[in-house]
Number of protein chains: 2
Amino acid sequence: MKKIINTPADFVNEAVEGIVAAHSNQLELYKGDIRVVLAKNRKKGKVGIVTAGGSGHLPVFLGYVGQGMLDGCTVGNVFASPSASKMADTIRACDSGAGVLCLFGNYSGDGLNFDMACDEVDFDGIETRKVKVRDDVASSPKETAELRRGVAGMVYAFKVAGAAAEEMRSLEEVVAVVEKALANIRSMGIALAPCVIPEVGKPSFVIGDDEMEWGMGIHGEPGIERSKIKTADEIAERILDTICADMPLVGGDTVSVMVNGLGATSLEELYIVYRKLSALLKDKGVEVFMPHVGEFATSMEMAGLSVTIMKLDDELKTLLRAPASTPFYTNHNK
Amino acid sequence: MKKIINTPADFVNEAVEGIVAAHSNQLELYKGDIRVVLAKNRKKGKVGIVTAGGSGHLPVFLGYVGQGMLDGCTVGNVFASPSASKMADTIRACDSGAGVLCLFGNYSGDGLNFDMACDEVDFDGIETRKVKVRDDVASSPKETAELRRGVAGMVYAFKVAGAAAEEMRSLEEVVAVVEKALANIRSMGIALAPCVIPEVGKPSFVIGDDEMEWGMGIHGEPGIERSKIKTADEIAERILDTICADMPLVGGDTVSVMVNGLGATSLEELYIVYRKLSALLKDKGVEVFMPHVGEFATSMEMAGLSVTIMKLDDELKTLLRAPASTPFYTNHNK
């Protein structure tokens, strides 16, 4: 295992310490707890937006804590849900009277723990709502879309929710617009090489030197097919076709496109894929608004990428364009 | 070679096409030439700032073309200098009467070609100055510091030069402040695993599963020592010691710190290293201003990182803080 770490047991806490040290103008800890990261100077009276999840996916999750996106994040061990009690702490810290939206990926541990956390803060009179991100089309067929996993599409969900809350919308209104956004978000990923969980010390899966896996999850969950490595154009085409089979795009539609590197894939490769997606969408008469190319939701040093398409109406465009200032996502459009 | 590409021969052009497609609001091509990338809406009358270099280092070089940093960039093949004639085109496009600063890494091909390009545009009456970035302390001892290679420190140099030019300083003034910045910038890198140049198809060097190389260059140039892999804290300490032996830091100094991933190293690891650097600097009484942690100058999918320290005075602080808006570097501090 070639990693620049001290000990596997210290991996998560030391990474969070580094992030909080580097971004001390934007982040603070809840009562010194390294696993509960909050935005500094949280706006009073607005709906709180919180998330939680396992580590190893930077910038997801805590990298989006800051003005215009998340108010707080509970940090778990690598690829493992944090505890319900720390989630409850996060919710309490982020409530300022208007209630709290818990917005997170559809993973069983996170779901169960957020259920318990919301029950716990209910005793304190804090109103909560839960919305699960289920954007990965490869993780379950359309008929059982409620079983799908949450992947990079959650970054768009954080952005929309955060912007809606900044506009001082009510909890119900924030939930409604996030659900609208999620109904229009689809993702699919491919992997070329695995990552190594520090405390495990060996690769999360084995794959041939000339092979790729279609639809693999961000924790190395098996995908839908293993094949020889295809070209960038073939990969772009198949992913877009799969997404469009689930969420048709027609001429005149506007979308945002995210090409997300899983960790070890170069920016050059991500842009080669974006180039093809952009051409394919143009051929369909679909306009691209605010493309996102880079690392948004990784699996440490996994090689591969995912593509997310978010279909936009005027309201979602406005929320996507709204200002945000977090350690890993900055938007200063006016 | 596991890469998401079409053909090795198309790697550079297709990556640049993707970048220009994704950032069409900020970038344009010079007369349709995919190898000459310019900032849109270049401010008239200011000093032009241009660079050039081989591909495979994104965000370096063309990722910093935009408001507040570079006006133009000539794009070479992977790890190879672009031609003098395309550099001359870039200079011509970026001159609006106040002259052009050519700011680039100290590599022989880039140096020779910029010499020819500057001679060529001299016939057109365009005033140019050349400044070479030589920040890599591991690439040559202090006594022959003029032989050092340019690595991630060039990003700070681009920022300072771009901000000074935006202030409408003269060519001589921009050169002077960039030279002051460079006199206060030092970098050093380590590598854990090589990258593969698409047209070569095999790793740029061989290294044992438990080994690391100290001081390796961003093209895989040999470093100063190969050792067993050390801990993150040991790596942070040795790099900082090496930099401080070359450029002493004392209590009361203010620095910016860049922890730069070379491609395949996770953000978590970069922040674990930043955490230690931040503690070591605090122990010395050195204040950190605007730390930069992420991928700023890569070697495709090489595993490893570099650390850059830039010692700041009030003028350099102001220039570092000044607004910038480029595809890969955004600063909206007021």
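Cut-off values and rules
Residues numbered from 1 in each chain as written. Chains lettered and ligands numbered in written order. Predicted model: local features only at pLDDT ≥ 70, side-chain atom pairs only at ≥ 80, totals over all residues. Helix = DSSP H or I, 4+ residues; strand = E, 2+ residues; numbered from the N terminus. Expected span 1.5 Å × (residues − 1). Domains from an automatic or database assignment. Contact = placed C-beta atoms within 7 Å. Nonpolar A, V, L, I, M, F, W, Y, C, P; charged D, E, K, R; others polar. Least-squares fit on C-alpha atoms with pLDDT ≥ 70 in both. Pairing = 2+ DSSP bridges. Axes fitted to C-alpha atoms, helices over the stretch in contact; angles between N-to-C directions. Left-handed = near helix turned anticlockwise from the far one by under 90°. Parallel < 35°, antiparallel > 145°, perpendicular 65-115°, else oblique.

Another point: helix H4 (residues 153-166) of chain A. For H4(A), which comprises 14 residues, the first-to-last C-alpha distance of 20 Å matches the rise-based estimate of 20 Å (1.5 Å per residue) to within 8%. Looking one or two places after H4(A), you find Met168(A), whose phi comes out positive at around 65°.

Residues and elements named next belong to chain A. According to the domain assignment, chain A consists of domain 1 (12-183) and domain 2 (185-317). Computed over C-alpha atoms only, the centres of domain 1 and domain 2 are separated by 23 Å. Facing the 25 residues of domain 1 at the interface are 33 residues of domain 2. Elements supplying a minimum of two residues to the side of domain 1 that touches domain 2: H4 and helix H5 (171-183). By residue number, the principal contributor to the side of domain 1 that touches domain 2 is H4, which donates 6 residues. Across the side of domain 1 that touches domain 2, the residue classes break down as 17 nonpolar, 4 polar and 4 charged.

Let us now look at the environment of Gly53(A). Residues and elements named next belong to chain A. Looking at the element boundaries, Gly53 is found in strand S3 (residues 48-55). Counting along the chain gives 26 residues from Gly53 to Phe79, while the straight-line C-alpha distance between them is 7.6 Å. Those residues in contact with Gly53 that sit more than four places away from it in its chain are Val60, Phe61, Gly76, Ser81, Phe104, Gly105 and Asp110.

Take the relation of the copies chain A and chain B next. Expressed as a screw operation, the relation of chain A to chain B combines 0.0 Å of axial shift with a rotation of 180°, fitting to an RMSD of 0.0 Å. The superposition of one copy onto the other is thereby described by a two-fold rotation axis. Rotation axis and chain A: the residue whose C-alpha lies nearest the axis is Ala264(A), separated from it by 2.0 Å. The residues that chain A uses at the interface reappear at the interface of chain B in 100% of cases, marking a shared surface.

Residues and elements named next belong to chain B. Ordered in space as S1-S2-S4-S3-S5-S6, the 6 strands form an open sheet in which the pairing is mixed. Pairing within the sheet leaves two strands with one partner each, and these edge strands are strand S1 (27-30) and strand S6 (128-133). Within this sheet the neighbouring strands show an average axis-to-axis angle of 25°, counted without direction. In terms of strand pairing, strand S3 (residues 48-55) meets strand S4 (residues 72-78) through 5 bridges, oriented parallel. Within the sheet, the bridge partner assigned to Thr51 lies in S4 and is Cys73.

This part takes up the sheet that holds S3(A). Residues and elements named next belong to chain A. Pairing within the open sheet is mixed, and its 6 strands lie in the order S1-S2-S4-S3-S5-S6. Whereas interior strands pair on both sides, the edge strands pair on one side only; in this sheet they are strand S1 (27-30) and strand S6 (128-133). The average undirected angle you get between the axes of adjacent strands in this sheet is 25°. Relative to strand S5 (residues 100-105), S3 is paired through 3 bridges, and the arrangement is parallel. The partner of Val50 across the bridge, within S5, is Cys102. Where helix H2 (residues 84-94) meets the sheet, its contacts fall on S1, strand S2 (33-39), S3, strand S4 (72-78), S5 and S6, and the angle it forms with S2 comes to roughly 25°. Running at roughly 170° to S5, H4 makes contact with S3, S5 and S6 of the sheet.

Two numbers describe how helix H1 (residues 11-22) of chain A lies on helix H7 (residues 267-283) of chain B: the axes approach to 7 Å, and their chain directions differ by 65°. The two elements H1(A) and H7(B) meet at a crossing, and its hand is left-handed. Contacts between H1(A) and H7(B) pair Phe11(A), Glu14(A), Ala15(A), Glu17(A), Gly18(A), Ile19(A), Ala21(A) and Ala22(A) from the former with Glu268(B), Tyr271(B), Ile272(B), Tyr274(B), Arg275(B) and Ser278(B) from the latter. Tallied by class, residues from the contact of H1(A) with H7(B) come to 8 nonpolar, 2 polar and 4 charged.

All names here are of chain A. Running from N to C, H4 and helix H8 (residues 314-321) cross one another at 90°; their axes reach a closest spacing of 8 Å. Considering their axes alone, H4 and H8 lie roughly perpendicular with respect to each other. Touching Lys159, Val160, Ala163 and Ala164 of H4 are Leu316, Leu319 and Leu320, all from H8. Of the residues contributing to the contact of H4 with H8, the split by class is 6 nonpolar, no polar and 1 charged.

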